[in-house]
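Letter by letter, the chains look like this.
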Amino acid sequence: MRNLLLKNTLFLFTLFFLTNCEDESIEKKYLFINEFLASNNSVYADEIGEYDDWVELYNSSSDPIDISGMYLADNLEDNLNVIPSSNQFSTIVPANGYLIIWFDKDQDQGPLHIGEKLSADGEGVYLYNAERVLIDSVTFGVQETDISMGRYPDGSDRWVKFTTPTPAKSNN
Ligand SMILES: [Ca+2]
Ligand SMILES: [Ca+2]
Ligand SMILES: [Ca+2]
């Protein structure tokens with residue numbers, strides 16, 4: 001009887017451990033910083049009509065990923081910016097889909113507006129999950145106005161310049 005209890009406890013503990021590991025790796029495996037524009041003059045405007053800096057996230061999995069509770073930063077020294085949950089706006093990156101995050105310091109414009117701007121002189125983008133584990137990051141040098149950088153193809157390790165940026169659409 002005691003043996004059985006021990007076995008069951010061990011089993012549950014292993015299951016718990018494996019489930020947690022899997023959760024972490026799902027985001028790490030399938031969620032990407034896929035494209036960004038650090039100097040936006042006329043490419044893509046937010047809901048207010050402002051041409052602000054943006055970052056495109058890409059979910060390569062067949063399940064939606066909610067990024068509320070996750071964090072973004074543009075360098076490693078500053079505070080992390082949490083994505084708040086919201087009833088009014090969706091914070092979900094659709095399955096095999098894209099979500100635009102605005103780096104515009106306009107947090108009053110919704111949960112997808114971060115209290116940072118991307119420097120056209122070079123900076124970075126860092127994405128952390130709710131447990132503050134780094135999911136993805138990119139660092140960049142001097143950026144040209146209205147020319148984005150993105151992974152090509154989507155989610156790959158190769159970064160290229162896009163003279164025609166593709167916000168909220170595939171880079172392929
Ligand atoms: Ca804005
Ligand atoms: Ca910045
Ligand atoms: Ca794109």
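See the structure shown above.
Here is a short report on the structure shown in this document. (Residues numbered from 1 in each chain as written. Chains lettered and ligands numbered in written order. Predicted model: local features only at pLDDT ≥ 70, side-chain atom pairs only at ≥ 80, totals over all residues.)

1. Topic: the sheet that holds strand β7 (residues 98–103)
Turning to step 1, where the next piece is worked out: Spatial strand order, β8-β7-β2-β1-β11-β12: six strands in an open sheet with mixed pairing. On the outer flanks of this sheet lie β8 (113–114) and β12 (159–162), each paired with one strand and no other.
Turning to step 2, where the next piece is worked out: Relative to β8, β7 runs parallel, the two being bridged by two bridges. Each bridged residue has a counterpart across the sheet, and for Phe-103 the counterpart in β8 is Ile-114. (Pairing = 2+ DSSP bridges. Helix = DSSP H or I, 4+ residues; strand = E, 2+ residues; numbered from the N terminus.)

2. Looking at the pairing of strand β11 (residues 148–151)
Turning to step 1, where the next piece is worked out: Residues Ser-148 and Gly-150 of β11 are buried on one face, and the alternating residues Met-149 and Arg-151, pointing to the opposite face, are buried as well.
Turning to step 2, where the next piece is worked out: In terms of strand pairing, β11 meets β12 through four bridges, oriented antiparallel. For Met-149, the partnering residue across the bridge sits in β12 and is Lys-161. (Buried ≥ 20, exposed ≤ 12 C-beta atoms within 10 Å, placed from the backbone.)

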